[in-house]
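Chain by chain, the residues:
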Amino acid sequence: MVFEYVLKKNGIDPSDVKIDQGIDFGSTAAAFSGGKGAYTVEFEPSATALEQEGAGFVVSSIGVESGYVPYTAFSVKQSYLDKHKNVIQSFTNALQKGMDYVSSHSSEEIAKTIKPQFSETDPDALTAIVERYHAQDTWKNDLVFTQESFDLLLDILEDSEVITERPPYDALVTTEFAEKAK
């Protein structure tokens, strides 16, 4: 949906482009390097792996082109929120510490820290990925889910005909915990 939104934003009708959505998400890089398609949309570390293999080049970032799309958000029922504010605040504080770490450490330090989660990825590749994310301003400094990001997400969902009515921001989003995070 985000890719099609970016195409439209740049004057390209997605129906004018052959988009193969029948390839398993985890297999798109292999399909591309095997000759399927002229372009591919990849998350990391697949994009950098394609570059390192000489099988492709990162030509643009959908994240940069789209704006801050809230790819990760945490949801709880109102009843849980009401009963467990301390748990939610502690969880949010931990996430903010991670964001603070990313903001205050070098790409090499971050790559070393995340290496256990990406054991199959070369440390130099991880450093390059983190460096790319820094250059693209991928990570926010805080966890506040802004009205602007919410509206962008709704624009994308509406554009893809996933929703027909726009729910109100205040009914679905609380920034209380992110604003207090330390």
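> I tried to follow the overall build of the chain on my own but got confused; where do I start?
Secondary structure summary: the chain contains eleven helices and zero strands in total. Helices and strands appear in the chain in the N-to-C order α-α-α-α-α-α-α-α-α-α-α. Principal axes of the C-alpha set define a box for the chain whose edges measure 55 × 45 × 25 Å. The buried share among the 182 residues of the chain stands at 27%. Contacts spanning at least 24 positions in sequence make up 56% of the contacts within the chain whose residues lie at least 6 apart. Carbon together with sulfur atoms contributes 54% to the accessible area of the chain, which is approximately 12,200 Å² in total. Within the chain, the 30 negative side-chain charges are centred at a point lying 8 Å from the centre of the 15 positive side-chain charges.

> Whenever I open this one, the nonpolar core confuses me. Can you help?
In globular proteins that are soluble, nonpolar side chains generally tend to be buried together. Membership of the largest hydrophobic core is limited to six residues, which are Val2, Tyr5, Val6, Val69, Leu152 and Ile156. If you look at the next biggest cluster of nonpolar residues, it comprises five residues, including Phe150, Leu154, Tyr169 and Val173.

> Please explain unusual backbone geometry as it appears in this structure.
Backbone geometry follows two general trends: most residues other than glycine have a negative phi, and most peptide bonds adopt the trans configuration. Following Glu44, the chain continues to Pro45 via a peptide bond in cis, the omega torsion being 10°. With respect to the helices and strands, Pro45 occurs in the loop between helix H2 (28-33) and helix H3 (46-52). A positive phi angle, close to 60°, is found at Glu161, a residue other than glycine. Structurally, the position occupied by Glu161 is in the loop between helix H9 (147-159) and helix H10 (169-172).

> Is there a simple way to explain the packing of helix H7 (residues 107-114) against helix H8 (residues 123-135) in this structure?
The packing of two helices is summarised by the inter-axis angle and the distance between the axes. Direction vectors running N to C along H7 and H8 enclose 125°, while the axes themselves pass 8 Å from each other. The angle between H7 and H8 falls in the class oblique. The hand of the H7/H8 crossing is right-handed. For the pair formed by H7 and H8, the contact residues are Ser107, Glu108, Ile110, Ala111 and Ile114 on the first element and Pro123, Leu126, Thr127, Val130, Glu131 and His134 on the second.

> Looking at this model, I keep getting lost on the packing of helix H1 (residues 2-9) against H9. Mind explaining?
Between H1 and H9, whose axes approach to 9 Å, the crossing angle comes to 90°. Comparing their axes, H9 and H1 come out roughly perpendicular. Where H1 abuts H9, its residues Val2, Tyr5 and Lys8 lie against Leu152, Asp155, Ile156 and Asp159. For the contact of H1 with H9, a count of residues per class yields four nonpolar, no polar and three charged.

> Looking at this structure, how should I read the pattern of salt bridges?
Pairing of side chains with opposite charge becomes possible as their charged atoms draw close. Evaluated as defined, the whole model comprises nine salt bridges. Put simply, Arg166 and Asp155 hold a salt bridge, and the shortest N to O gap is 3.0 Å. Here Asp155 lies in helix H9 and Arg166 lies in the loop between H9 and H10, a separation of eleven residues in the sequence. Linking Lys180 and Glu176 is a salt bridge whose minimum nitrogen-to-oxygen distance equals 3.7 Å. Of this pair, Lys180 and Glu176 both sit in helix H11 (residues 176-180), separated by four residues, roughly a single helical turn. Through salt bridges with shared partners, a single ionic network connects Glu44, Glu51 and Arg132.

Calculation notes
- Residues numbered from 1 in each chain as written.
- Predicted model: local features only at pLDDT ≥ 70, side-chain atom pairs only at ≥ 80, totals over all residues.
- Heavy atoms only, no water.
- Helix = DSSP H or I, 4+ residues; strand = E, 2+ residues; numbered from the N terminus.
- Buried < 20%, exposed > 50% of the residue type's maximum accessible area, 1.4 Å probe, protein only.
- Contact = heavy atoms within 4.5 Å.
- Areas by Shrake-Rupley, 256 points an atom, 1.4 Å probe, with all protein chains shown as cover.
- Lys, Arg positive; Asp, Glu negative; His and termini not counted.
- Charge placed at Lys NZ, Arg CZ, Asp CG, Glu CD.
- Core = buried A, V, L, I, M, F, W, Y, C linked by side-chain atoms within 4.5 Å.
- Axes fitted to C-alpha atoms, helices over the stretch in contact; angles between N-to-C directions.
- Parallel < 35°, antiparallel > 145°, perpendicular 65-115°, else oblique.
- Left-handed = near helix turned anticlockwise from the far one by under 90°.
- Nonpolar A, V, L, I, M, F, W, Y, C, P; charged D, E, K, R; others polar.
- Salt bridge = Lys/Arg side-chain N within 4 Å of Asp/Glu carboxyl O.

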